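# Descriptive structure summary
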Amino acid sequence: MDNAAAVAKKKEPLVRITRRESMKTYKSVGIRLIAVLLSLIVSAFLIYSITKVNPLKVYVSMWNGAFGTARRSWVTIRDVMMLLCIAVGLAPAFKMKFWNIGAEGQILVGGIATAACMIYLKSLPPWLLFICMLASSLLAGAIWGLLPAVFKAKWNTNETLFTLMMNYVAIQLTSFFVAKWENPYGSNTVGVINQTGREGWFPSIFGQEYMLNVILVMVLTVGMFVYLKYSKQGYEIAVIGDSQNTARYAGISVRKVVIRTMLISGAICGLSGFLAVSGASHTISTSTAGGKGFTAIIVAWLAKFNTFTMIAISLLIVFLEKGAIEIASQYNLNDYVSSMITGIILFFILGSEFFINYKLIFRSREGGAR
Amino acid sequence: MTGFVSLFQAAVVFGTVIMFGSVGETITERSGNLNLGVPGIMYLGAIASLAGSFFYENSVENPSPILCVLIALVAAFLASALGGLIFSFLTITLRANQNVTGLTLTIFGSGVANFFGGSLNTLAGGVGQISVASTSAAFRAGLPLISGGSGVFSQLFLNYGWMTYVAILIAILSQWFLSHTRTGLNLRAVGENPATADAAGANVTAYRYLATCIGAGISGMGGLFYVMDYTKGTWANDGTIENLGWLAVALVIFTTWRPKNAIWGAYLFGILYWAYFYIMGLTRASQEIFKMLPYVVTIIVLIMISLRKKRENQPPEGLGLAYFREDR
């Protein structure tokens, strides 16, 4: 080895990072599984240090919390569908690199619209009421998504911050309607709407209360997959997401696509407000969205906008939530433990993406880069 | 007049929480990191200060006020800087997406804080809710010599806990740092155009790590102020800190990324937030509409700065974008 090479070797960093071209599916799935496993181990240590209970037992009781009985399984499925629906709504916006952080608000306005129909239009025939709720929730969500999109398209207003602020406008709007519709007077909650006549509640299908949620969301999931992958509009979204300049060069009207995509995105998020109010809680409050709009962002991002992958991730997150609530009640803790564990697991999954997208090259002993 | 005085006082206490939050976040954002974990970081700061002083107060007979304050400050700063470190490691070293990482940090922070806030006392074998009276009293002490007057001027400006003035001082220092020191100018260059700053010899990674961790530490002081001054050393799982954290993010926009504007901006947000309380004849429902004001004002400011396109008011050019030297 001559002198120059020795100097070069000394200057070469220990680790270099390069982008991977591609990775075999089983490998990338493997890396993610390892990440989830690691995070579960870390969480187990955490749980053990707080409760002094065997972590394995804790995970068994988590399983019981989520799938212990048929009733619990259905509630878990219902919540998975809700989260999935929001993530499916966010997918087109994110694929376009439009940071729609405002799902929380879009869900709430969709929920308000649904609740308003249930309260004021309950004398309509059930099928017409259903259509009214569906249409108004879609419309409300679309309007909430449209506002930031128009300003983004015309004046390049920062959409991350705009949609974020719209969440809080929606939350205050919800508080306004809760105070307006409160029942009984002075309780500051709306209570269960139409408890006696069940007007506007989702009907049971095949004897299952939440079957309609599943059907609606599954249709959306498949539809969105096809829309993004095989339609011309989906292709336009992908091009804009990769490079706006390329899109302009190819003659795509970026403004038009941004506005159109956000209408769709907002509308689907509004629809999940319909699911939450009409198909699940039958009431409206500021916690109707309950942070799911934010969690769904992470779901959509981790799934790389593939709506089928979103099913698995939503299932994982909802399972953890249900499980943690079960632990909390068994060991007298409060259920915020679920946010803590969810946070840890998401940190690990986010970190693991690095090992899928990049390759570490260590300095070789023989000198010179490989 | 008394109505205005009490509105102003409420606004100042409220504003101080978000002033800390937003000044810290401004420093972070000036480096190009859009950390949406501010609410989580404020949560971490809040719970760490509460836990630190809780264990100290429980372990000695007569807690010394100075130690109380020191322990709470150090615990809050370390915990929130740790939050910033998690964010930096994931986004800078592991190149994860900033928005997603920030939101995860918010989920994590609120989980940790509400979990321990709600059950710390039970875990330690006590009964009921956590309370740290001595530390809170030490934090709510006014400035020596000047505070305690009863005139209108004293009531308006002088009679707050000393952290209120620390917040103003930090805002002024941050502004001076960002616009008058070489390091501060380098930091802004990193946030505007990391590739150019890199070529000019600034260590982009180091700047971003430090700005994010120190910024998070300052934001965490907002959480500390909230539990020690605003709620007088107690804890409630009501999600207020999260709302305040998002308001702090809003305030960063409102100030057009200048800490000096946070001084009046924070109090203005406080006045807007509490205005409903002092306007006669509002129903409970219409009060809620009034509480929208800070957010609506922020949206208007956001639209205005994008309409007017004044270059010095724009967000940092590289905000939210990761920088990898290898990517061209």
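One numbering rule holds for all chains: residues counted from 1, following each sequence as written. Throughout, the order in which chains and ligands are written sets their labels, letters from A for the former and numbers from 1 for the latter. The predicted origin of the model limits local features to residues at a pLDDT of at least 70 and limits the giving and counting of side-chain atom pairs to 80 or more, whereas totals for whole chains, interfaces and linings rest on all residues.

### Structural notes on the overall build of chain B
To keep it simple, the criterion reads: The numbering of helices and of strands both runs from the N terminus, where a helix is a DSSP run of H or I of at least 4 residues and a strand a run of E of at least 2. Each radius of gyration is computed over the set of C-alpha atoms, and the globule rule expresses the reference value as 2.2 Å times the number of residues to the power 0.38. Any residue whose C-beta has 12 or fewer other C-beta atoms within 10 Å is treated as exposed, any with 20 or more as buried, and any in between as partly exposed, C-beta atoms being built from the backbone. This entry defines residue contacts through backbone-placed C-beta atoms, with two residues in contact when those atoms are within 7 Å.
Summing up its helical and strand segments, chain B has 14 helices and 0 strands in all. From first element to last, N terminus to C terminus, chain B shows the α and β order α-α-α-α-α-α-α-α-α-α-α-α-α-α. The globule rule puts the C-alpha radius of gyration for 328 residues at 20 Å, and the 20 Å found for chain B is close to it. Each principal axis of the C-alpha atoms in chain B carries an extent, and together these give about 60 × 45 × 40 Å. Expressed as a percentage of the 328 residues in chain B, the buried residues total 54%. Across chain B, contacts joining residues at least 24 apart in sequence account for 79% of those joining residues at least 6 apart.

### Focus: unusual backbone geometry
Residue and element names in this part refer to chain A. Despite not being glycine, K97 has its phi angle at roughly 60°, a positive value. Considering the arrangement of structural elements, one finds K97 in the loop between α4 (70-95) and α5 (103-120). Backbone geometry at N156 places phi at a positive 60°, although glycine is not the residue there. Along the chain, the position of N156 falls in the loop between α6 (126-155) and α7 (159-181).

### Notes on helix α7 (residues 162-180) of chain B
Residues and elements named next belong to chain B. Selection criterion: Helix span, as expected, comes to 1.5 Å for every residue beyond the first. When we speak of the arc, we mean the arc of directions from the helix axis to the C-beta atoms.
Counted at 1.5 Å a residue, the expected span for α7 with its 19 residues is 27 Å, and the 27 Å between its end C-alpha atoms agrees. Those residues of α7 not exposed but buried are M163, T164, A167, I170, A171, S174, Q175 and L178. The arc that holds the buried residues of α7, viewed along the axis, is 130°, so those residues lie on one side. Exposed residues pointing more than 90 degrees away from the buried face of α7 are listed as L169, L173 and H180. Those residues of α7 hidden inside the fold are in contact with α1 (2-30), α5 (133-140), α8 (182-192), α10 (204-230) and α12 (259-278).

### Describing the interface of chain A and chain B
The line we're drawing: Any residue that is not Ala, Val, Leu, Ile, Met, Phe, Trp, Tyr, Cys, Pro, Asp, Glu, Lys or Arg is counted as polar, Gly included; the first ten are nonpolar and the last four charged.
Across the contact, 39 residues belong to chain A and 42 residues belong to chain B. Among the secondary structure elements, those contributing two or more residues to the side of chain A that touches chain B are α6, α7, α12 (292-302) and α14 (337-357) of chain A. Of the residues assigned to the side of chain A that touches chain B, the class counts are 26 nonpolar, 11 polar and 2 charged.

### Some remarks on the packing of helix α11 (residues 240-254) of chain B against helix α14 (residues 293-308) of chain B
In helix packing, the relevant descriptors are the interaxial angle and the interaxial distance, both defined with respect to the helix axes. Residue and element names in this part refer to chain B. Heads up, the rule is: A fitted line through C-alpha atoms represents every axis, and for helices the fit uses only the stretch in contact; the resulting angles, taken between N-to-C directions, go from 0 to 180 degrees. Two helices crossing with the near one rotated counterclockwise from the far one by less than a right angle form a left-handed crossing, whereas a clockwise rotation gives a right-handed crossing.
Running from N to C, α11 and α14 cross one another at 35°; their axes reach a closest spacing of 9 Å. Read as a crossing pair, α11 and α14 show a hand that is left-handed. Between α11, through L247, A250, I253 and F254, and α14, the contact on the second element is made entirely by P294, Y295, T298, V301 and L302. Of the residues that constitute the contact of α11 with α14, the class distribution is 8 nonpolar, 1 polar and no charged.

### Points about the environment of F98(A)
All names here are of chain A. With respect to the helices and strands, F98 occurs in the loop between α4 and α5. The buried category is assigned to F98, around which 25 C-beta atoms lie within 10 Å. Sequence spacing of F98 and T295 is 197 residues, and the spatial spacing of their C-alpha atoms is 17 Å. Those residues within four positions of F98 in sequence are excluded, and the remaining contacts are A93, K152, E159, V258, T261 and M262.

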